[in-house]
There are 2 protein chains.
Amino acid sequence: MDRRQRKTRNAIFQAFSSLLEEKRYSSITVQDIIDAADVGRSTFYAHFSTKEELLRAMCDDIFEHVFSDEVMREPEHDFSSADSFRDRITHILCHLQEKQHHIKGIFAGECGEIFMKYLREYLWGVFDQRLPEDGEIPRDYRLNHVVSAFAETVRWWFGGRGEYTPEQISALFFASVDC
Amino acid sequence: MDRRQRKTRNAIFQAFSSLLEEKRYSSITVQDIIDAADVGRSTFYAHFSTKEELLRAMCDDIFEHVFSDEVMREPEHDFSSADSFRDRITHILCHLQEKQHHIKGIFAGECGEIFMKYLREYLWGVFDQRLPEDGEIPRDYRLNHVVSAFAETVRWWFGGRGEYTPEQISALFFASVDC
DNA sequence: TCTGATACAGGACACACTGTTCGTTACAAT
DNA sequence: ATTGTAACGAACAGTGTGTCCTGTATCAGA
């Protein structure tokens, strides 16, 4: 990727992120973004065809970081050996925390729902391969339940003032859901 | 309320509801609504100051029906004597089902998040007075968890093809959450 | 170091939607 | 019957959108 492209892309991300902290998503205009990022109008549209796509790209950026297998095996977290599911969840929470600045902006800007939607998509894959069998209740329902519970736990976490560590959040989650 | 007002209000609700089934919420314009409802532009703005407010009003309409105490004591449901919490939940589900046409439109139109948000506000009150004490986990978190679980259960239910009765949904919910 | 390619700036454009205004008409309530 | 008020409909300025253009700066590869 061209250095110039990366630069403007980051400038736009940064500007958008700042704007989200001060006004609602729906009241942010493309004009606001390009003013804050100090890029030309046509430049913006060369990168993103719409404001929604920009948000989508920002979310993808975050999730790529959080869920990428590379990151999952970073030595400093040393979860590489421990393959317990609980550790993996804590791991995800750690990486979400690293991106907390962007995420808090997204939630504050009232486009948290979109973030939640994408988060759920990723989580679906994580929990799908893990959820134990259980006749009674439709698997579909249970998976939805667990994914929702985790996503809402994350939202609740970021709604607070950072009183909890990833480990504590993980504990809360597993105390409420059995999987 | 003036008969004329009710008429136009209903016309607008009806038009909006239909539109939601065929296009995304964000791509529906006020112009679309007044064309479909066949009312003047100024008439629309006399009723609702914005598209969001219209949605809000529609949701309130639904929740007023679902959560009103009058409705809660309708004799045909004969939950009036049974004060078990579980019955109350089933009751709520019944009334949601009665409004399923509007609700499905809202979910389909991709403004389900707003509906969910309002639903959660109402549910908060319902579960708040019911949730048993339990030291370990912050009450805040547990309440959020239960409310989310129920709201997501509802979304899951409406996402299906009506395969389940309110009683079955209630059973699924209480099998997944302890309260 | 040169050169072709490409990303950007900046301005201009038609277009769509918004939210308000106002004089007129039709209907409700009493 | 009269009085208030809701709806009509047409027009309006204002705002944001998405696209196109020309000229300039920067990049990557030979």
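Bear in mind that the values here come from a model prediction, so they are computed numbers and not experimental data.

Peer 1: Looking at this model, I keep getting lost on the protein's contact with DNA strand C. Mind explaining?
Peer 2: Neighbouring DNA strand C are 20 residues, the closest being Thr8, Gly40, Ser42 and Thr43 of chain A together with Arg41 of chain B. Contact distances for DNA strand C include 2.8 Å between a phosphate oxygen and a side-chain N or O atom of Thr43 of chain A. The side chain of Arg41 of chain B places a nitrogen or oxygen atom 2.9 Å from a base nitrogen of DNA strand C. Every element with two or more residues in the surface near DNA strand C is listed here: helix H1 (3–22) and helix H3 (41–47) of chain A together with helix H1 (3–22), helix H2 (30–37) and helix H3 (41–47) of chain B. Here the residues of the surface near DNA strand C are counted per class, giving three nonpolar, nine polar and eight charged.

Peer 1: Explanation requested: helix H10 (residues 166–176) of chain B in the structure shown.
Peer 2: One turn of an α-helix holds 3.6 residues; hence residues three or four places apart share an orientation. Where H10 of chain B is concerned, the buried positions are Pro166, Ile169, Ser170, Leu172, Phe173, Phe174 and Ser176 of chain B. Those residues of H10 of chain B that are buried lie in contact with helix H9 (139–159) of chain A together with helix H6 (85–98), helix H8 (112–128) and helix H9 (139–159) of chain B.

Peer 1: Got a minute to help me understand the interface of chain A and chain B in this structure?
Peer 2: One frequent convention defines the size of an interface as the accessible area lost when the parts assemble. Taken together, the contact pairs 20 residues of chain A with 20 residues of chain B. For the pair chain A and chain B, the two sides together bury roughly 1900 Å², of which 59% comes from carbon and sulfur. Three residues, Tyr141, Glu152 and Trp156 of chain A, lead the burial of chain A against chain B; their summed loss comes to 32% of the area buried on that side. On the surface where chain A and chain B come into contact, there are two salt bridges. For the salt bridge of Glu152 of chain A with Arg120 of chain B, the shortest nitrogen-to-oxygen distance reads 3.4 Å.

Peer 1: Looking at this structure, I do not really get helix H7 (residues 100–108) of chain B. What am I missing?
Peer 2: Within the sequence span of H7 of chain B, burial applies to Ile103, Gly105, Ile106 and Phe107 of chain B. For H7 of chain B, the elements touching its buried residues are H1, helix H4 (51–67), H6, H8 and H9 of chain B.

Peer 1: Is there a simple way to explain the relation of the copies chain A and chain B in this structure?
Peer 2: In this structure, two copies of a chain are linked by a rotation about an axis accompanied by a shift along it. Superposing chain A onto chain B takes a rotation of 180 degrees plus a shift of 0.0 Å along the axis, which leaves an RMSD of 0.1 Å. Here the copies are linked by what is in effect a two-fold axis.

Peer 1: Any chance you could explain the side chain of Arg120 of chain B here in plain terms?
Peer 2: Position of Arg120 of chain B relative to the elements: it lies in helix H8. Classification of Arg120 of chain B by relative accessible area gives buried; the value is 15%.

Peer 1: How should the packing of helix H8 (residues 112–128) of chain A against H9 of chain A be read in this particular structure?
Peer 2: A pair of packed helices is captured by two measures, namely the crossing angle of their axes and the spacing between those axes. All names here are of chain A. Remark: H8 packs on H9, axes separated minimally by 9 Å, with the N-to-C direction vectors making an angle of 130 degrees. One element, H8, and the other, H9, form an angle in the oblique class. Viewed along their axes, H8 and H9 form a crossing whose handedness is right-handed. In contact with Glu113, Met116, Leu119, Arg120, Leu123, Trp124, Phe127 and Asp128 of H8, H9 contributes Arg139, Asp140, Leu143, Asn144, Val146, Val147, Ser148, Phe150, Ala151, Glu152, Val154 and Arg155. A per-class count over the contact of H8 with H9 returns eleven nonpolar, two polar and seven charged.

Peer 1: Would you explain the side chain of Arg120 of chain A in this entry?
Peer 2: Within the local environment of Arg120 of chain A, its side chain forms a polar contact with the side chain of Ser148 of chain A, the two groups lying 2.8 Å apart. With sequence-adjacent residues up to four places away left out, Arg120 of chain A is seen in contact with Asn144, Val147, Ser148 and Ala151 of chain A together with Glu152 and Arg155 of chain B.

Peer 1: Explain the packing of aromatic side chains here, please?
Peer 2: To describe a pair of aromatic rings, one takes the distance between the centres and the angle between the planes. Under the defined criterion, the tally for this structure stands at 38 aromatic pairs over all chains. Between Phe107 of chain B and Phe158 of chain B, the ring centres sit 6.3 Å apart and the planes meet at 40 degrees, which makes this aromatic pair tilted. Highlighted residues: Phe107 of chain B in helix H7 and Phe158 of chain B in helix H9, separated in sequence by 51 residues. Judged by relative accessible area, Phe107 of chain B falls into the buried class, the value being 18%. By way of ring pairs, the aromatic residues Phe63, Phe67, Phe107, Phe115, Tyr122, Trp157 and Phe158 of chain A are connected into one cluster. Lys51 of chain B extends its terminal NZ or CZ atom over the ring of Tyr25 of chain B, reaching a point 4.4 Å from the ring centre. Stacked on the ring of Tyr118 of chain B, the Lys or Arg Arg56 of chain B has its end atom at 3.9 Å from the ring centre.

Peer 1: I keep staring at the protein's contact with DNA strand D and nothing clicks. Help me out?
Peer 2: Close to DNA strand D lie 20 residues; Tyr45 of chain A together with Thr8, Gly40, Ser42 and Thr43 of chain B are nearest. Atoms of DNA strand D within 4 Å of the protein belong to the sugar or the phosphate in 64% of instances, the rest to bases. In this structure, Gly40 of chain B approaches DNA strand D through a main-chain N or O atom, which is 2.7 Å from a phosphate oxygen. In this structure, Thr43 of chain B approaches DNA strand D through a side-chain N or O atom, which is 2.8 Å from a phosphate oxygen. The set of elements that each furnish at least two residues to the surface near DNA strand D consists of H1, helix H2 (30–37) and H3 of chain A together with H1 and H3 of chain B. It is H3 of chain B that contributes the most residues to the surface near DNA strand D, four residues altogether. Tallied by class, the residues present in the surface near DNA strand D amount to three nonpolar, nine polar and eight charged.

Cut-offs and rules
Residues numbered from 1 in each chain as written. Chains lettered and ligands numbered in written order. Predicted model: local features only at pLDDT ≥ 70, side-chain atom pairs only at ≥ 80, totals over all residues. Heavy atoms only, no water. Near = heavy atom within 4 Å. Polar contact = N/O pair within 3.5 Å; in protein donor to acceptor, adjacent residues only side chain to side chain. Helix = DSSP H or I, 4+ residues; strand = E, 2+ residues; numbered from the N terminus. Nonpolar A, V, L, I, M, F, W, Y, C, P; charged D, E, K, R; others polar. Buried < 20%, exposed > 50% of the residue type's maximum accessible area, 1.4 Å probe, protein only. Contact = heavy atoms within 4.5 Å. Buried area = accessible area lost by both parts, 1.4 Å probe. Salt bridge = Lys/Arg side-chain N within 4 Å of Asp/Glu carboxyl O. Least-squares fit on C-alpha atoms with pLDDT ≥ 70 in both. Axes fitted to C-alpha atoms, helices over the stretch in contact; angles between N-to-C directions. Parallel < 35°, antiparallel > 145°, perpendicular 65-115°, else oblique. Left-handed = near helix turned anticlockwise from the far one by under 90°. Phe/Tyr/Trp six-rings, centres within 6.5 Å; stacked < 30°, edge-to-face > 60°. Lys NZ or Arg CZ within 6 Å of the ring centre and 35° of its normal.

Read these as spatial facts, not as claims about activity.
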